[in-house]
Amino acid sequence: MGVKIEKAAPSGFCSGVGRALEIVTRVARERGGVEMLGAVVHNARVMAELEALGCRVVTSPADIRGGAVVTSAHGVSPELEDELKRRGIEVISTTCPFVRRAQTAARELARKGFLVVVYGEAAHPEVKGILGWAGGPGIATLDTGFLASLQPLPRRIGVVSQTTQVPAQFQRFIKKLVSAAFTQNSDFRLLDTICHDIRERQAQAARLATRVDLMLIVGGRESANTRHLARLVARITPTHRVASAGEISQSWLAGKQRIGVVGGASTPESALEEVLSRLKELTSDHGQSG
Ligand code: SF4
């Protein structure tokens, strides 16, 4: 029997990344290039294509030389946007609508006097931006260890999530938080801001992982959603994460009869197709067909 290779759906760009790329590509074509504050998407191949259109990545606002800058789908804090505008720089936002939802939720919670807790990676630009929208003291974390330093707990605690987190892990975090807050007369608000695309992508990838003996997760090294996807399916079946087809090692495929492939939200369809073709080549080198 030949090796069965199956691609999970959805794979390839999510709606937010597709939208961000459309905006930056259009602006770059109209203006012969534009500066981007950080990578618009965390994918080296896509970024190289944008650079070929005249786009240039700047890592700090201080490095912006032109009169306009594109901000990423992860969004930025209102303070940063204001600072850029004060300097007379046109801000071309590609903030994903799902990220905007998390930002406005954080702002509303803070306005109502809640301590804003963002379930997410503190160093990730999206999480920094969401905290910025809360506009005051807030906490970004992936564990409930912070509770020990908050005794007594603030009466009002509001929680949102980084859009790309794993729902089951967010749920565990919330349960711990609720049980800590339960006897302390707390007012607890939860806004589930995990993005629909990510939820569906993770669910389909996890389903596929139960049917295969190897999963390949395709995506850029910097991509948070690809990292979360890999962590999720690795609990179900052996998993490798690759940025491109060239990284696939034949040794991974020995004895595997069913292989699943899924791409992160910032992975172009072309990278997935290359991985699928490479897998077919490598498995037929074993004397098997894809
Ligand atoms: S993963 Fe979700 S939140 Fe992030 S850019 Fe894509 S659609 Fe938006």
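Residues numbered from 1 in each chain as written. Predicted model: local features only at pLDDT ≥ 70, side-chain atom pairs only at ≥ 80, totals over all residues. Heavy atoms only, no water.

> Is there a simple way to explain the nonpolar core in this structure?
One broad rule of soluble globular proteins: the nonpolar side chains tend to lie buried together. Membership of the largest hydrophobic core comes to 42 residues, with the highest contact counts inside it found for V24, M36, F146, V159 and F173. For this core, the secondary structure elements donating two or more residues are α1 (15-31), α2 (44-52), β4 (68-71), α4 (97-111), β6 (115-119), β8 (156-161) and α6 (167-181). In terms of residue count, the dominant contributor to this core is α1 (7 residues). In this structure, M36 is in contact with V24, M47, L50, C55, R56, V57, V58, V69 and V70, ignoring residues within four places of it in sequence. Counting 17 residues, the second-largest nonpolar core is a separate cluster that includes I5, I248, I259 and L272. (Core = buried A, V, L, I, M, F, W, Y, C linked by side-chain atoms within 4.5 Å. Buried < 20%, exposed > 50% of the residue type's maximum accessible area, 1.4 Å probe, protein only. Helix = DSSP H or I, 4+ residues; strand = E, 2+ residues; numbered from the N terminus. Contact = heavy atoms within 4.5 Å.)

> Looking at this structure, how should I read the layout of surface pockets?
As a volume, the largest pocket reaches approximately 300 Å³. Forming the walls of the largest pocket are 16 residues, and the residues nearest its centre are L37, G38, T59, V76 and P125. With 3 residues, helix α5 (residues 125-134) is the largest single contributor of residues to the lining of the largest pocket. Broken down by class, the residue content of the lining of the largest pocket amounts to 6 nonpolar, 9 polar and 1 charged. Viewed by domain, the lining of the largest pocket spans two of them, domain 2 (15-97) and domain 3 (98-190), each represented by three or more residues. (1 Å grid on protein atoms, 1.4 Å probe; cavity = no way out; pocket = protein on both sides within 12 Å on 5 of 7 lines; lining within 4 Å. Points joined across faces, edges and corners; volume = space filled by probe spheres on them. Nonpolar A, V, L, I, M, F, W, Y, C, P; charged D, E, K, R; others polar. Domains from an automatic or database assignment.)

> Even after reading the chapter, I still don't get the sheet that holds strand β10 (residues 214-218), so can you show me in this structure?
Pairing between sheet strands relies on hydrogen bonds along the backbone, with the strands arranged either parallel or antiparallel. Sheet architecture is open: 4 strands sit in the order β1-β12-β10-β11, paired in parallel fashion. Across the chains shown, the open sheet's two edge strands, defined by having one partner strand only, are β1 (4-7) and β11 (239-242). Sheet twist, expressed as the mean angle between neighbouring strand axes with direction ignored, is 20°. As paired elements, β1 and strand β12 (residues 258-263) share 4 bridges and run parallel to each other. In the sheet register, I5 faces β12, and the bridge partner there is I259. Here helix α7 (residues 196-209) sits on the sheet and contacts β1, β10 and β12; the angle it forms with β12, its principal contact strand, is near 170°. (Pairing = 2+ DSSP bridges. Axes fitted to C-alpha atoms, helices over the stretch in contact; angles between N-to-C directions.)

> Sorry, what's going on with α5 here?
Working note: α-helix, 3.6 residues per turn, so residues spaced by three or four point in the same direction. Burial analysis of α5 places 7 of its 10 residues in the buried class, which makes it a mostly covered element. Of the residues making up α5, those classed as buried are E126, V127, G129, I130, G132, W133 and A134. Looking at the buried side of α5, the elements it contacts are α3 (78-86), α4, β6, β7 (138-141) and β8. Just downstream of α5 lies G135, where phi reads positive at about 70°.

> Looking at this structure, I do not really get the site of the ligand. What am I missing?
By nearness alone, every residue bordering the ligand is listed as C14, S15, G16, C96, F98, T163, C195, I198 and A265. Comparing atom positions with the cavity grids shows the ligand to sit within the largest cavity. For the shell around the ligand, the per-class residue count stands at 6 nonpolar, 3 polar and no charged. (Near = heavy atom within 4 Å. Sits in = over half its atoms within 2 Å of the grid points.)

> What's the story with the domain arrangement of the chain in this structure? I'm lost.
Interface extent is often summarised as the accessible area lost during association of the parts. The domains assigned to the chain are domain 1 (4-12 + 196-285), domain 2 (15-97) and domain 3 (98-190). On a C-alpha basis, the centroid separation for the pair domain 2 and domain 3 is 28 Å. Across the contact, 13 residues belong to domain 2 and 11 residues belong to domain 3. Here domain 2 and domain 3 share an interface that buries about 910 Å² over both sides, 55% of which is from carbon and sulfur atoms. (Buried area = accessible area lost by both parts, 1.4 Å probe.)

> In this structure, what is going on with empty space enclosed by the protein? I would like to understand it.
Under the criterion given, the structure shown has 1 cavity of 30 Å³ or more. Roughly 260 Å³ of internal volume is contained in the largest cavity. Taken together, 24 residues make up the lining of the largest cavity; nearest its centre are C14, V17, H74, T164 and N225. For the lining of the largest cavity, the secondary-structure elements that each account for two or more residues are α1, α4, α7 and α8 (224-234). A breakdown of the residues in the lining of the largest cavity according to their chemical character gives 12 nonpolar, 10 polar and 2 charged.

> I'm lost on the environment of S15 in this one. Help?
Mapped onto the elements of the fold, S15 is located in helix α1. Spatially, the C-alpha atom of S15 lies 7.7 Å from that of D197, the residues being 182 residues apart in sequence. Setting aside residues up to four positions removed in sequence, S15 forms contacts with F98 and D197.

> It is not clear to me how the environment of K7 should be interpreted in this structure. Could you clarify?
Turning to its location among the elements, K7 is positioned in strand β1. Taking relative accessible area as the criterion, K7 reaches 33% and is therefore assigned partly exposed. Taking C-alpha positions, K7 is 12 Å from R207, a pair spaced 200 residues apart along the chain. Discounting chain neighbours no more than four positions away, the residues touching K7 are L208, V261, E269, E273 and L276. Within the structure, K7 has its side chain in polar contact with the side chain of E269 (distance 2.5 Å). (Polar contact = N/O pair within 3.5 Å; in protein donor to acceptor, adjacent residues only side chain to side chain.)

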